[in-house]
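Structural description and commentary
Residue strings, one per chain:
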Number of protein chains: 2
Amino acid sequence: MELPIRLSKESREPIYHQIEEQIKALIAGGQLPAGTSLPSIRVLSKELEISVITTRRAYQNLEYQGFIRTTQGKGTFVAEIEASKKEEVKVSAVYHAIEKAVETALRHDYTIEQIEAVFQEIIASLKEKGGHDNDGKVD
Amino acid sequence: MELPIRLSKESREPIYHQIEEQIKALIAGGQLPAGTSLPSIRVLSKELEISVITTRRAYQNLEYQGFIRTTQGKGTFVAEIEASKKEEVKVSAVYHAIEKAVETALRHDYTIEQIEAVFQEIIASLKEKGGHDNDGKVD
DNA sequence: TATAGTGTGTATATAGATATAAACAGTATA
DNA sequence: TATACTGTTTATATCTATATACACACTATA
């Protein structure tokens, strides 16, 4: 199974951290149910064209935080996580991301009206893109 | 003059890059008009409690991109930048920031309605905070 | 002219991120 | 039982980010 992970080359954020955050999002969002097996560190490193040390680093952090479990010889699996913890991770991550974006806009001297307009423009362009099922989510 | 720069300790983004982006935002947003003198690399490093090498790195990148000019013995000043270029930087940075936040939300399996709700909540809490002058900007 | 500021360059050091490679140990399956 | 997968550990290397320190050269001002 291939994970829908995209690494940004222009971001100054470490590669392992981008992977970690995206997998966490998929888990918290429910797209990776408990028990799902993840690609091995070697398979993922090939898919992303990076070192196994880097994918291993991401998996180690996720395991340390309780999102996944790894077993030598068997593989890596999504852990069983309390619904309340998942919800907390989701809400916290999304709130923080939007808050940070708004802060960036304010820093660029955007007014709240302007920020709302840009936001609606992005939402509108998402809706146009199709590729959404009925609940408005990205496939 | 002290710059309104805030470094995030939890961000994995390099310190020099955070400084660079925030100064760029202030310039593009018009809060730092052309000719304004910026703190020296030593003063800024003391204010932010980081190394002069780090502040110098941020200033070097900004100079390379044409946002500031530095003169040995005199100091560092905001460069004269075409209004159209400023606008482009603003629009691009803000659009990208909001788009990235929306992408993070979608990755967490948020629906567009949920994203809109979080966004409105943050906007509402900004309006409540006061500290805004009449044009809705942060002071 | 001397002083205090400014930026610039160099030296040295540490820590983190990333890479390749190899070997080891556990698990599952043919 | 052998093979192919899995994770784990170690070794070595390079690059980037950040730090302290010092010296040099430029500019402005008292």
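Since we're looking at a predicted model, the values are computed, not measured. (Residues numbered from 1 in each chain as written. Chains lettered and ligands numbered in written order. Predicted model: local features only at pLDDT ≥ 70, side-chain atom pairs only at ≥ 80, totals over all residues. Heavy atoms only, no water.)

Observations regarding the domain arrangement of chain A
All names here are of chain A. Entries for chain A in the domain assignment read domain 1 (15-78) and domain 2 (83-128). Here the C-alpha centre of domain 2 lies 26 Å away from the C-alpha centre of domain 1. Counting from both sides, the interface comprises 6 residues of domain 1 and, opposite them, 4 residues of domain 2. Viewed at the interface, domain 2 and domain 1 are joined by 0 salt bridges. At the surface where domain 1 touches domain 2, the tally comes to 1 residue pair in polar contact (both at pLDDT 80 or more). For the side of domain 1 that touches domain 2, a count of residues per class yields 3 nonpolar, 2 polar and 1 charged. (Domains from an automatic or database assignment. Contact = heavy atoms within 4.5 Å. Salt bridge = Lys/Arg side-chain N within 4 Å of Asp/Glu carboxyl O. Polar contact = N/O pair within 3.5 Å; in protein donor to acceptor, adjacent residues only side chain to side chain. Nonpolar A, V, L, I, M, F, W, Y, C, P; charged D, E, K, R; others polar.)

A word on the protein's contact with DNA strand C
Taken together, 25 residues lie around DNA strand C, and A:Ile15, A:Ser51, A:Thr54, A:Gln72 and B:Arg12 are the ones closest in. Near-protein atoms of DNA strand C (within 4 Å) split between backbone and bases, with sugar and phosphate holding 68%. One nitrogen or oxygen atom from the main chain of A:Ser51 is found 2.9 Å from a phosphate oxygen belonging to DNA strand C. Taking A:Thr54, its side chain carries an N or O atom lying 2.7 Å from a phosphate oxygen of DNA strand C. Listing elements by their share of the surface near DNA strand C, those giving two or more residues are helix 1 (15-28) and helix 3 (52-64) of chain A together with helix 2 (41-48), strand 2 (68-71) and strand 3 (75-78) of chain B. (Near = heavy atom within 4 Å. Helix = DSSP H or I, 4+ residues; strand = E, 2+ residues; numbered from the N terminus.)

Let's talk about the pairing of strand 2 of chain B
Residues and elements named next belong to chain B. In this structure, strand 2 lies alongside strand 3, joined through 4 bridges in antiparallel fashion. Counterpart to Ile-68 in the pairing with strand 3 is Val-78. Between strand 2 and the antiparallel strand that follows it, strand 3, lie 3 residues; Gly-73 among them carries a positive phi value of about 90°. (Pairing = 2+ DSSP bridges.)

Here we look at the packing of helix 5 (residues 112-128) of chain A against helix 4 (residues 83-107) of chain B
Running from N to C, helix 5 of chain A and helix 4 of chain B point in directions that differ by 55°, and their axes come no closer than 10 Å. Between helix 5 of chain A and helix 4 of chain B, the crossing angle belongs to the class labelled oblique. Here the hand of the crossing between helix 5 of chain A and helix 4 of chain B comes out right-handed. In this structure, helix 5 of chain A uses A:Ile115, A:Val118, A:Phe119, A:Glu121, A:Ile122, A:Ser125 and A:Leu126 to contact helix 4 of chain B, whose residues at the interface are B:Val94, B:Tyr95, B:Ile98, B:Glu99, B:Val102 and B:Leu106. Split by residue class, the contact of helix 5 of chain A with helix 4 of chain B holds 10 nonpolar, 1 polar and 2 charged. (Axes fitted to C-alpha atoms, helices over the stretch in contact; angles between N-to-C directions. Parallel < 35°, antiparallel > 145°, perpendicular 65-115°, else oblique. Left-handed = near helix turned anticlockwise from the far one by under 90°.)

Notes on the relation of the copies chain B and chain A
Between the two copies, chain B and chain A, the superposition gives an RMSD of 0.1 Å; the rotation angle is 180° and the shift along the axis is 0.0 Å. Both chain copies can therefore be described as sitting about a two-fold axis. Scanning chain B for the C-alpha nearest the rotation axis identifies B:Glu13, at a separation of 2.5 Å. (Least-squares fit on C-alpha atoms with pLDDT ≥ 70 in both.)

With respect to the pattern of salt bridges
In a structure, side chains of opposite charge can pair up when their charged atoms sit close to one another. Applying the stated rule across the entire model yields 6 salt bridges over all chains. In this structure, A:Glu103 engages B:Arg6 in a salt bridge whose closest nitrogen and oxygen atoms are separated by 3.0 Å. With A:Glu103 in helix 4 (residues 83-107) and B:Arg6 in the segment before helix 1 (15-28), this residue pair bridges two chains. When its relative accessible area of 31% is taken as the criterion, A:Glu103 is described as partly exposed. One network of salt bridges, in which partners are shared, links A:Arg6, B:Glu103 and B:Arg107. (Buried < 20%, exposed > 50% of the residue type's maximum accessible area, 1.4 Å probe, protein only.)

Some words on the protein's contact with DNA strand D
Around DNA strand D sit 25 residues, and of these A:Arg12, B:Ile15, B:Thr54, B:Gln72 and B:Gly73 come closest. Sugar and phosphate atoms form 68% of the subset of DNA strand D atoms that lie within 4 Å of the protein. Here a phosphate oxygen of DNA strand D and a backbone polar atom of A:Ile41 are 3.2 Å apart. Between DNA strand D and the protein, one listed contact pairs a phosphate oxygen with a side-chain N or O atom of A:Thr76 at 2.8 Å. Counting residues per element, the ones that place at least two in the surface near DNA strand D are helix 2 (41-48), strand 2 (68-71) and strand 3 (75-78) of chain A together with helix 1 and helix 3 (52-64) of chain B. By residue class, the composition of the surface near DNA strand D is 7 nonpolar, 11 polar and 7 charged.

Quick look at the interface of chain B and chain A
Taken residue by residue, the interface counts 48 residues in chain B and 49 residues in chain A. For the pair chain B and chain A, the two sides together bury roughly 5,000 Å², of which 66% comes from carbon and sulfur. The largest share of the area that chain B buries against chain A comes from B:Arg12, B:Arg107 and B:His108, three residues that together contribute 14% of it. At the boundary of chain B with chain A, the tally comes to 2 salt bridges. Seen at the junction of chain B and chain A, the total is 8 residue pairs in polar contact (both at pLDDT 80 or more). Mapped onto the side of chain B that touches chain A, the elements with two or more residues apiece are helix 1, helix 4 and helix 5 (112-128) of chain B. Element by element, the count of residues in the side of chain B that touches chain A is highest for helix 4 of chain B, at 16 residues. Partitioning the side of chain B that touches chain A into residue classes produces 24 nonpolar, 10 polar and 14 charged. (Buried area = accessible area lost by both parts, 1.4 Å probe.)

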